[in-house]
Structures are given as C-alpha cells and as structure tokens.
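Observations on chain architecture
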Amino acid sequence: MSFIRSAIDGQSEEFRRRYARNRALVAELRERQRAARHDRPEADIRRLERQGKMLPRERLERLLDPGTPFLELSTLAAGLAYDGEAPGASSITGIGVISGREVMIHADDSSIKGGAWYPLTIKKIVRALDIAIENRLPVVHLCDSAGGFLPRQSELFPDKHMAGRIFRNQAILSRMGVKQLAIVFGHCTAGGAYVPALSDYNVIVRGTGAVFLAGPPLVKAATGEVVGVEDLGGCDLHTRTSGTCDYPAATETEAIAIGREIVAQWDRPRKWIAPVDAPEAPAYDPDELYGILPDDIKKGFDMREVIARMVDGSRFHEYQPAYGTTLVAGFANLWGYRVGILANNGVLFNDSTLKAAHFMELCNQNDTPLLFLQNITGYMVGRDYEAAGITKDGAKMIMAQSCSHVPKLTVMCNASFGAGNYGMCGRAYDARFLFSWPGHQIGVMGGDQAGRTLADVKARQMARNGAAPDPALLDAVRAATQRDYEAQTSSWHSTSEIWDDGMLDPVDTRNALGIALAAAAQAPMDRQGYGVFRF
Ligand SMILES: CCC(=O)SCCNC(=O)CCNC(=O)[C@H](O)C(C)(C)COP(=O)(O)OP(=O)(O)OC[C@H]1O[C@@H](n2cnc3c(N)ncnc32)[C@H](O)[C@@H]1OP(=O)(O)O
C-alpha cells in the first residue's frame, strides 16, 4: 500500500477559515449532546430521587466495564422534534462492553415523561435491535418506561415499524441465539412488559420494578379491580409466583451486579472477520480534518486527504487511480481491519460508476467490508450521459451495492444529494452503521434547484392555462421551497429524524468505525450473489 502524500497547507488562509468553522460546528455538536444527555427539569430529577432511582447514565456507568469505550448511537435523536420535549428520544442506545462482551444497550430515560416512548424513541429502539440482529450483538435492556407516549399513540402503535417491531425483533434475536438480558428498574407497562418477558434473562428491583400489561389505574377502569403496584406486578409476584422474572434484587446496585454476572456466563461470539495487521494510527493528524472539510457545500475537496487522516499509517492501495477519477476507490486498514473504501471526488459519471460497481465486486470476492465516504451531488445528467447509459450504469452500482454480502459502513461527510445517496449506500441500503458529520447536508436535490424546478413547473402550468406570468408568485414559490429545503437538508434535522446512527466529530470517526467493524465481525457473511446487471 502506498503512503498518501498530503497536499494540504495548514498555514493557508483557507485552511484556517475552514478549521475555525468546523471547530465551531463540533463545539455546537458537543453542546447539543451535553444538553440532550443532562439537562432535565428539576422536578423530574427530584421525582427520581424521591423514588430512590438512579439516572439512566448512572446505571450505565456502573454496568459497563470501567475504562472501556461506549459508542453511543443517535445522541441527538428527536432533538428538533416535539418542541424539544424528548432529548435523545428519551432513551440511550449504543455499543458497550460488559464483563468483557460487546453488547448493544437499550436504556429507557425515565427523567423524561416517566420514560414514555415517543414515536422517535421507538424508531431508535427498533434501530438498535436491527443493529443487534444484523451484527449478532447481545442486548441488555435497562427498563424504566411508562410505555407508549399516549398522546401520540397513532404515530407509534399500529404500523409495521412501530412499537410491535421492538418485541418482534426481540423474538427474532432469541431465535438466532443472540442473548438478551432485561434489568427492570422501573415500570414495564403494556407492550413494554414484553421487553423483560421476551428477554432470555431478567432481573427485577424490589420496590421500584414492576411488570404488567395494565397498571393499577387501567385495571380499575377495565375490570373494577383495585390493586396496588406490588401485588399486580412487583418483584415478589413475578419472581415467586408468576415466573415472569428470574432474579430479584434488593437495590439497583445489586441488580446491576447480577446483570454483570449473567453476561459473564455468556459465550464469546465467534468473529468472522479478523484484523489483518496490528492497528496503527494515521500518519497525519486527524485534527487537520477540520481544515479540510469545506465551509461551503458546493466547494470540492480531495477525499484522499480525509482517508489519509482516518486509515492506519495513512496508507492506501488505490484502485484504478487514473480511471473514473470522480470516485476514489481502494483498500486500506482501519484499526487493523482491511476495508474497501469508496469516496466521492465529484459527480458520478459513467466511468466512475462502473469503477465503483467493479470495485464492490472485488471486495465481495475478498470478503472485505466496504466503507462509503459520501460527498455526492448525484449522477451526471443530460442527453449525452443518458445516451451513454448513465441510468443503467447507476443501476449496476446500486445492484452491486445492494447485493453485497460484506458489511457496509457509511459516513455522510459533506453532501448527499439525489440518486448518488443510493449508489453510495444511503440509509435505505442497510449499512450496518451510518454516521454523519455536522456540516453534512442531505436531500433529493439542493434547495436552490428544487425552488427553480417548482417555479418552472408553476410557470409552465400558468402558461398552459393562459394566465399572465406572475414573477412575484414564482419568486414566492422559489423562496418558500428553498427555505423548507434549508431546514430539512441540515444535518441536525437528519440526525433528529434518525436518518443516521448518530452524528460524529470527524476526529472521532476512526474510533467509531473501529467499534463498528468489531461489531460487524460477529455476523457470518451470507453470500447470496447478485440480481441481473443491465449491460
Ligand atoms: C405500546 C402500548 C403502551 O405502551 S400503552 C402505555 C400505557 N402506559 C401506562 O399506562 C403508564 C402510565 N404512567 C404511569 O403509570 C406513571 O406515569 C409511571 C410510569 C409509573 C411513572 O410514575 P412517576 O414516576 O410517578 O411519574 P408521573 O406519573 O408523575 O409521570 C411523569 C410525567 O410523565 C407523564 N407520563 C407518564 N406516563 C405517560 C404516558 N404513557 N404517556 C405520556 N405521558 C406520560 C406524566 O403525565 C408526567 O408528565 P408531567 O411531568 O406532569 O408533564
């Protein structure tokens, strides 16, 4: 592999300007994450104190092995939804280490509306369980939830990927032999009761933990029976009489200790992908990424400069360096794992598209995981390109990508527009993990283009109807579309909607990808081949 020679001038005015802008974005990311994790109304903190409960992050700190990394997912989920009422989508998910085993964590956050599940909470939990299924990661659930957020039941209850999907995913995990433990710290009501019931192991805290299909008020309303929490679904009922729970614990601390002991009994999963070399830090300082990423989405940058600050030893074996140059492809090591990287250096033309498809086939032939670094404004459009078959070449790229049996990881580095998002393994294409950077923008097209397209459609419609041109109306259409697009294409919006698995500081991305690769290595690869390529 060759050493990447950087052409960056760290003293240039442009570098300094970009550096300042990207540092400011990361400072904003950190502040938003701090607030989402810790800012809670005083009354809710006091309520949990009165009940003798720990905050969810205190539980997590005691549960995870000291000094081990925790890759928290979707930290800013729901950040822009529900008037900011459910920071982090009132839940914590992420990959951590317990008793030496990598596990997926799902923790309810009862400091927000009693841990009630908002629609985006459910999306976040379902995604965490999908990740567990795809990567065969055991799951530890820290249960303390009021169940569905009742005012929004129609958005969280009935459809395929709503609340029922949590329990469906739990059943699938169990069938696959992927273990689950639930620790019941608070209430598990209604559907939430199935979280411990569908876990292979569970622990319940006496006094605060409870599991029931309906809590006391609903039981009274439904049948007239008056019954207290402990008698209806408390620790003793479930560990002595019903058998719904396995291990009683006198305190939260004891429950966590029992949970750690249970995980310690689990076998260590086989790894299907192994590092090929010892890990090595990049030769260039990742901090320089701040000076490389542009301060204007339309400005280009050489993705090799990003790769040089992400991969082991800044070494890269570039594939077809002189062909299809708007796509950079090649092999590198990341934390010792061999990866095949596809990164955008411009619009995808026929040649770069075919190069991408061929390179993905090579990686599948070698069982080499794929890493997509997206900065894509789309495929080249126009008569000449259609005549040259840009649509069928794009289809080949999507075929190769969708049918890849190797794990795929995607990082949204800057732009993700149009069908380029699809070819480069956007959300719909089952990347095992998909992260974004704070300056990233995503949309079917840019706001300016969309505004002009809709204004043009309007003008043609008016002409067809014999109406006089109305420049003020067309300007209004253009401006309104652009305004909407600006809000909807921002990275804060996309991460709030869980279109990614979380926003990362570019400098932390190498570490996050290392954890993701180690997780991805736990699932065997299923070679199913490809569909029909259109030639
Ligand atoms: C999938 C289908 C389902 O899951 S149906 C869900 C049915 N759920 C229920 O019946 C649980 C109702 N809630 C409760 O029993 C209690 O609130 C529990 C969870 C025990 C927590 O009690 P406690 O710690 O004393 O807090 P609290 O009652 O003061 O509530 C705190 C804030 O949360 C709210 N809250 C509670 N549950 C829900 C809910 N399911 N949907 C929407 N909001 C809920 C409370 O109204 C209260 O809000 P606020 O702080 O007054 O603004």
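Residues numbered from 1 in each chain as written. Predicted model: local features only at pLDDT ≥ 70, side-chain atom pairs only at ≥ 80, totals over all residues. Heavy atoms only, no water.

1. Some points on the overall build of the protein
What the protein contains, in helices and strands, is 21 helices and 16 strands. Against the compact-globule benchmark of 24 Å for 535 residues, the protein has a radius of gyration of 25 Å, which places it among compact chains. Expressed as lengths along the three principal axes of its C-alpha atoms, the size of the protein is roughly 75 × 65 × 50 Å. When the 535 residues of the protein are sorted by exposure, 53% land in the buried category. Of the contacts formed within the protein by residues at least 6 apart in sequence, a portion of 76% connects residues at least 24 apart. Here the protein displays about 22800 Å² of accessible surface, and carbon together with sulfur accounts for 53% of that area. Once the 59 positive and 63 negative side-chain charges of the protein are each reduced to a mean point, those two points are 3 Å apart. (Helix = DSSP H or I, 4+ residues; strand = E, 2+ residues; numbered from the N terminus. Rg over C-alpha atoms; globule rule 2.2 N^0.38 Å. Buried < 20%, exposed > 50% of the residue type's maximum accessible area, 1.4 Å probe, protein only. Contact = heavy atoms within 4.5 Å. Areas by Shrake-Rupley, 256 points an atom, 1.4 Å probe, with all protein chains shown as cover. Lys, Arg positive; Asp, Glu negative; His and termini not counted. Charge placed at Lys NZ, Arg CZ, Asp CG, Glu CD.)

2. Some thoughts on the UniProt feature "domain: CoA carboxyltransferase N-terminal" (unreviewed entry) in the protein
UniProt's entry tags residues 18-278 with the feature "domain: CoA carboxyltransferase N-terminal" (unreviewed entry), counted in the numbering of this structure. The span residues 18-278 carries 43% helix and 18% strand; its end-to-end C-alpha distance comes to 33 Å. (UniProt positions renumbered as here; feature names shortened; annotations may be inferred.)

3. Focus: the site of the ligand
Inspection of the region around the ligand gives 15 residues, with Arg47, Gln51, Lys113, Ala146 and Gly148 positioned closest. In the model, a nitrogen atom of the ligand is placed 2.8 Å from a nitrogen or oxygen of the Ala146 main chain. For the ligand, a nitrogen atom lies 3.0 Å from a polar atom in the backbone of Leu150. Contact with the protein chains hides 60% of the accessible area of the ligand, taken as 960 Å² for the molecule alone. When the residues that make up the shell around the ligand are grouped by side-chain class, the tally is six nonpolar, seven polar and two charged. (Near = heavy atom within 4 Å. Polar contact = N/O pair within 3.5 Å; in protein donor to acceptor, adjacent residues only side chain to side chain. Nonpolar A, V, L, I, M, F, W, Y, C, P; charged D, E, K, R; others polar.)

4. Things to note about the packing of helix α3 (residues 56-63) against helix α11 (residues 252-265)
One can describe the packing of α3 onto α11 by two numbers: an axis separation of 10 Å at closest approach and a directional angle of 40°. Considering their axes alone, α3 and α11 lie oblique with respect to each other. The crossing of α3 and α11 is right-handed. Side by side, α3 and α11 meet where Arg59, Arg62 and Leu63 of the first sit next to Glu252, Ile256 and Arg260 of the second. (Axes fitted to C-alpha atoms, helices over the stretch in contact; angles between N-to-C directions. Parallel < 35°, antiparallel > 145°, perpendicular 65-115°, else oblique. Left-handed = near helix turned anticlockwise from the far one by under 90°.)

5. Things to note about the UniProt feature "domain: CoA carboxyltransferase C-terminal" (unreviewed entry) in the protein
UniProt's entry tags residues 275-527 with the feature "domain: CoA carboxyltransferase C-terminal" (unreviewed entry), counted in the numbering of this structure. Segment residues 275-527 splits into 40% helix and 18% strand. End C-alpha atoms: 21 Å apart.

6. Digging into the packing of aromatic side chains
Taken as a whole, this structure holds 15 aromatic pairs when the rule is applied. For the ring pair Tyr118 and Phe149, a centre distance of 4.0 Å and an interplane angle of 15° mean the geometry is stacked. Here Phe149 lies in the loop between β5 (139-145) and α5 (153-156) and Tyr118 lies in the loop between β4 (101-108) and α4 (119-135), a separation of 31 residues in the sequence. Residue Tyr118 shares its accessibility class with Phe149, and that shared class is buried. For the ring pair Phe331 and Phe359, a centre distance of 5.0 Å and an interplane angle of 55° mean the geometry is tilted. Here Phe331, found in strand β11 (residues 327-334), pairs with Phe359, found in helix α14 (residues 350-365); they are 28 residues apart in sequence, far enough to count as distant. Comparing Phe331 with Phe359, the two get one shared label, buried. Among the aromatic side chains, those forming a connected cluster through ring pairs are Phe15, Tyr19 and Tyr290. Here Arg32 stacks its cationic end above the ring of Trp492, 4.0 Å away from the centre of that ring. We note Arg309 situated over the ring of Tyr284; from NZ or CZ to the ring centre the distance is 4.8 Å. (Phe/Tyr/Trp six-rings, centres within 6.5 Å; stacked < 30°, edge-to-face > 60°. Lys NZ or Arg CZ within 6 Å of the ring centre and 35° of its normal.)

7. A word on the pairing of β11
Among the eight residues of β11, eight are classified as buried, and the element is accordingly described as predominantly covered. Neither face of β11 is open: one carries Leu327, Ala329, Phe331 and Asn333, the other Val328, Gly330, Ala332 and Leu334, and all of them are buried. Two strands pair when backbone bridges link them, and strand β10 (residues 315-319) and β11 are joined in this way by three bridges, in the antiparallel orientation. When the sheet's bridge partners are listed, Tyr319 is paired in β11 with Ala329. Two elements, β11 and strand β12 (residues 337-344), share eight bridges in a ladder whose sense is antiparallel. Of the residues in β12, the one forming a bridge with Leu334 is Tyr337. In textbook terms, the turn of a hairpin is the stretch between consecutive antiparallel strands, and for β11 and β12 this stretch comprises two residues, one of which, Trp335, has a positive phi near 50°. (Pairing = 2+ DSSP bridges.)

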